[in-house]
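Observations on the model geometry
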Amino acid sequence: MKNLFMLDVDGTLVDSCHMDHECFSEAIFAVTGLTVPDDWGGYTNITDAGIIEELIDKNDLKKEKITIFREVKRVFMQKLAHAIAENGMTPIPGAVEFINEMRQVPSVALAIATGGWEETARMKLKAAGFNVDGIVFSSCSNAMSRSEVMALAAFRAKQDYGVQFDRRIYFGDGVWDKQATQSLDYEFVAVGDKVEHHTRINDFVNPRAILGRLGIEETDAVKFA
């Protein structure tokens, strides 16, 4: 049996939601003068690209679409880099070790599937101490909706790893993550306390317990230190 573990970034692997939201909102305001509502749940596609697309449509800015996308992304990256330099980036407890240990589990393959842009997601992961070299990566740089991002991650993983996956399991912290997994008929693991779900973990400090919750036999895994 081969299990694909797909993981979100903000709020799942790194404690970055507040910083990310602040820098993203400031970038949009700096470029367009528009204010991004705090409740992201009101958007159709809760990805960086999806939110900008909806703001453009609602405010009749389609003629400036390409420029707005390019400039928001540029300013966002600048603001995020500055914020990271000032405050650092903290991983969710145990997350760095979880990624490193899951690389050694024969029955598990890894993929990152994030609603952010790939460049900013990689920036945050690197700052928090993650090594994601060689891990399949999908983001809103590739697709507009979260379900499309997840489906692309699964497709790329199948192509890159050359296997059929018996299970596709997504680790995320938002209601929209859960909804996207339901639309794709993937399994969902809620990380943190923002989403009610029957399979939920507070953090990643005990990888063996996480495998146990998912019914992945210890014989399938390496001996953790």
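A brief look at the structure comes next. (Residues numbered from 1 in each chain as written. Predicted model: local features only at pLDDT ≥ 70, side-chain atom pairs only at ≥ 80, totals over all residues. Heavy atoms only, no water.)

Counting buried positions over the five residues of strand β1 (residues 3–7) gives five, a clear majority of the element. Burial of the side chains of β1 extends over both faces: N3, F5 and L7 are buried on one face and L4 and M6 on the other. Pairing analysis gives five bridges linking β1 to strand β2 (residues 108–113), with the strands arranged parallel. Note that in β2 the partner of N3 across the bridge is V108. Relative to strand β4 (residues 167–172), β1 runs parallel, the two sharing five bridges. Across the sheet, the residue bridging to F5 is I169, located in β4. (Buried < 20%, exposed > 50% of the residue type's maximum accessible area, 1.4 Å probe, protein only. Helix = DSSP H or I, 4+ residues; strand = E, 2+ residues; numbered from the N terminus. Pairing = 2+ DSSP bridges.)

On to the environment of V108, then. As for its placement among the helices and strands, V108 is situated in strand β2. Overall, V108 belongs to the buried group, its relative accessible area being 6%. Along the primary structure V108 and K2 are separated by 106 residues, whereas in three dimensions their C-alpha atoms are 5.9 Å apart. For V108, the contacting residues outside a window of four places in its chain are K2, N3, F5, M102 and I216. (Contact = heavy atoms within 4.5 Å.)

Turning our eyes to something else, we now look at the side chain of T12. Relative to the elements of secondary structure, T12 occurs in the loop between β1 and α1 (17–32). Excluding residues that lie within four positions of it along the chain, T12 makes contacts with I92, F171, G172, D173, V191 and F204.

A word on the pattern of salt bridges. In a structure, side chains of opposite charge can pair up when their charged atoms sit close to one another. Counted under the stated rule, the structure contains 13 salt bridges. Among the ionic pairs, E26 bridges to K79, the shortest N-O distance being 3.8 Å. Taken together, the residues span a long stretch of sequence, with E26 in helix α1 and K79 in helix α3 (residues 65–87) at a distance of 53 residues. A salt bridge links E54 to K58, with the nearest nitrogen and oxygen atoms 3.3 Å apart. Placement of the pair is E54 and K58 together in helix α2 (residues 48–58), with a separation of four residues, close to one helical turn. Since its relative accessible area comes to 12%, E54 is described here as buried. Overall, the relative accessible area of 61% leaves K58 in the exposed class. (Salt bridge = Lys/Arg side-chain N within 4 Å of Asp/Glu carboxyl O.)

On to helix α5 (residues 118–127), then. Owing to its 3.6 residues per turn, the α-helix brings residues three or four apart onto one side. Of all the residues in α5, the buried ones are T120, A121, K124 and L125. Buried residues of α5, viewed axially, fall in a sector of 135°; they line one side. Contacts made by the buried residues of α5 are with α1, α2, α3 and β3 (136–138). Once α5 finishes, G129 follows within two positions and takes phi at roughly 95°, a positive value. (Arc of directions from axis to C-beta.)

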